[in-house]
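Observations on the three-dimensional arrangement
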Amino acid sequence: MTWDRVERLIGSDNLKRLSQKRVGIVGLGSGGGFVAQSLAMSGVGGFVLIDDDVLEKHNVVRHVCDLRDVGRPKVEAVADLIRQRNPEAHVETHIGRVENHLDALDNLDLLIVGVDGEGIKYTINQACLERDLIAIYAGVYERGEGGDVVTIHPYDGPCYACWAAALREGMQFDDPGELDYGMIGPEGTLEAEPALWLHVVRVASVQSDFAIKELLRDSHDLPANTIILANNAIEIIDGQQSPPHSSLWVNVPRDPACLVCGDQVRSAAQGSAAIDRQQSLDDLMHEAGLEMQQEDDENQQSASRQ
Ligand SMILES: [Zn+2]
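Residues numbered from 1 in each chain as written. Predicted model: local features only at pLDDT ≥ 70, side-chain atom pairs only at ≥ 80, totals over all residues. Heavy atoms only, no water.

1. Let's talk about the overall build of the chain
For clarity, the cut-off: Helix and strand definitions here come from DSSP, where helices need a minimum of 4 consecutive H or I residues and strands a minimum of 2 consecutive E residues; each element is numbered from the N-terminal end. Only protein chains enter the accessibility calculation, which uses a 1.4 Å probe; a residue whose area is less than 20% of its type maximum is buried, one above 50% is exposed, and one in between is partly exposed. Contact definition: two residues touch when any of their heavy atoms are within 4.5 Å. With residues, only the protein chains shown are counted as cover, and all accessible areas are computed by Shrake-Rupley using a 1.4 Å probe.
A count of helices and strands for the chain gives 10 helices and 10 strands. Counting only residues that meet the buried cut, the chain has 52% of its 306 residues in that class. Nonlocal contacts in the chain, meaning residues at least 24 apart in sequence, comprise 65% of its contacts between residues at least 6 apart. Accessible surface computed for the chain: about 14900 Å², of which carbon and sulfur atoms make up 46%.

Dropping the structure here:
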C-alpha cells in the first residue's frame, strides 16, 4: 500500500496524524458511505461505523456499495470498502440504532453524522456535548436541490439544536417544503423523494473535506461554521436567487438561551439541578419546526414569530 500521492499533498506528518485518528460515522447511507470511503482514501486509520440498516436492491443507485452487497448490513459492506482502500485501517462496526450504541461514541476524535432523521440528530447532539466530541452534520434538501454542512464544537459555537433553530428561522424559503426539514414525517424520518447520488455526493464531499480539515486542525481556515450548497437554483436568502453550483457561508452563533447548550442549562447542570431532558427535547423539536407538517401555514407563521 503506497500513500505517496496523498503524502505529497498533505505531508508525511499529516498523513501519520490521520492514520492515528478514530472517526465515528453514524448512518451509512448515500452520504455516510461516501464520507467513509473518502476518509479511508485520505489516510484516516480508524473507523467506528454505526447503522441499523441492510443494503437493499433499491439502495444501489445511491450508495458506494453495489449489487454484490445486497442483503448485508451496511456497516459490514462499508467496512469492507474501507479495507479495500486501506488494509491497515481499523474498523469497528455496530449494527443497530445509535441511541442503543452511544458507548461507541466514547474516545472518538470526530463524529460524522449521516443520518436522515432530524429527531435522532438531537440525541446525537446531546451525546456529543456530554463527550466533548466534535461533530460534522450534513443535510440534503428535498430532491437534492441543495444541502448544508456544519461543524459543531461543543460549547464553542452553537450546538446542533440552536444551530438548526437559528438556520431555519433565518433562512427564507418560498415554500418550506423545499427544505428537508419540512418533509419530516411523524417518525422523524424523511418522507421526501430522495436526491440523486451526484447531488448527495456534492454535500458529502464537503462534509469529508470539513472532516479532514478538522482532524488536521486546519478548520480555522474556514470562513464560517456552516456552508449552504445550491445544487439547483434555490433561494437561500429571501429575494436572492443562488445559482446552481454556488455556495454560501453562514456563521451561526451559539444561542445563550438554548435549551441544550445555553447558559442556564449549563449553570443548572453545574448546580446539580435535574433537567427534564425529555421535555427539553420536545420543546426544541417544536421550536425547530419539526411539527411543521401537521400545522397549517398560519400556525407556522405565528410559531416562527414567537
Ligand atoms: Zn445549543
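2. Side note on the coordination of the zinc ion
Quick note on the threshold: Each metal site lists N, O and S donors within 2.8 Å (3.2 Å for Na, K and Ca). With water left out of the atoms, a site can look as if it is missing ligands.
The coordination sphere of the zinc ion, as far as protein atoms go, consists of Cys159 (SG), Cys162 (SG), Cys258 (SG) and Cys261 (SG), spread over 2.3 to 2.4 Å. Counting along the primary sequence, the residues that act as donors to the zinc ion give the motif C-x2-C-x95-C-x2-C. Separated by 96 residues along the polypeptide, Cys162 in helix 6 (residues 160-170) and Cys258 in the loop between strand 10 (247-250) and helix 8 (263-270) bring together distant segments of the chain. For the pair Cys162 and Cys258, one class covers both residues: buried.

3. Let's talk about the pairing of strand 8 (residues 234-237)
This is how it is decided: Strands were regarded as paired on the criterion that DSSP finds at least two bridges between them.
Relative to strand 9 (residues 240-242), strand 8 runs antiparallel, the two being bridged by three bridges. Within the sheet, the bridge partner assigned to Ile234 lies in strand 9 and is Ser242. Count of turn residues in the strand 8/strand 9 antiparallel hairpin: two residues, of which Gly239 carries a positive phi of about 75°.

4. A few points about the sheet that holds strand 5 (residues 135-140)
The cut-off we apply is this: For helices, the axis comes from a line fit to the C-alpha atoms of the stretch in contact; other axes are also lines fit to C-alpha atoms, and the angle between any two N-to-C directions lies between 0 and 180 degrees.
Across the sheet, which stays open at both edges, the eight strands sit in the order 3-2-1-4-5-6-7-10 with mixed pairing between neighbours. Among the strands making up the open sheet, the edge pair consists of strand 3 (90-95) and strand 10. Strand-to-strand twist in this sheet, taken as the mean axis angle between neighbours without regard to direction, amounts to 15°. Relative to strand 4 (residues 110-113), strand 1 (residues 22-26) runs parallel, the two sharing four bridges. From the neighbouring strand, Gly24 faces strand 4, where its bridge partner is Leu111.

5. Let's talk about the nonpolar core
Buried together is how nonpolar side chains tend to be arranged in soluble globular proteins. We apply this condition: Here, nonpolar core means buried Ala, Val, Leu, Ile, Met, Phe, Trp, Tyr and Cys residues that are tied together by side-chain atoms lying within 4.5 Å of each other.
Counting residues in each nonpolar core, the largest one holds 42 residues, and the members touching the most others are Leu39, Phe47, Leu49, Ile82 and Ile112. Looking at this core, the element that brings in the most residues is helix 7 (residues 197-215), giving eight residues. Counting residues in hydrophobic clusters, the runner-up holds 37 residues, among them Leu108, Leu129, Ile152 and Ile234.

Any link to function would need more than the numbers given here.
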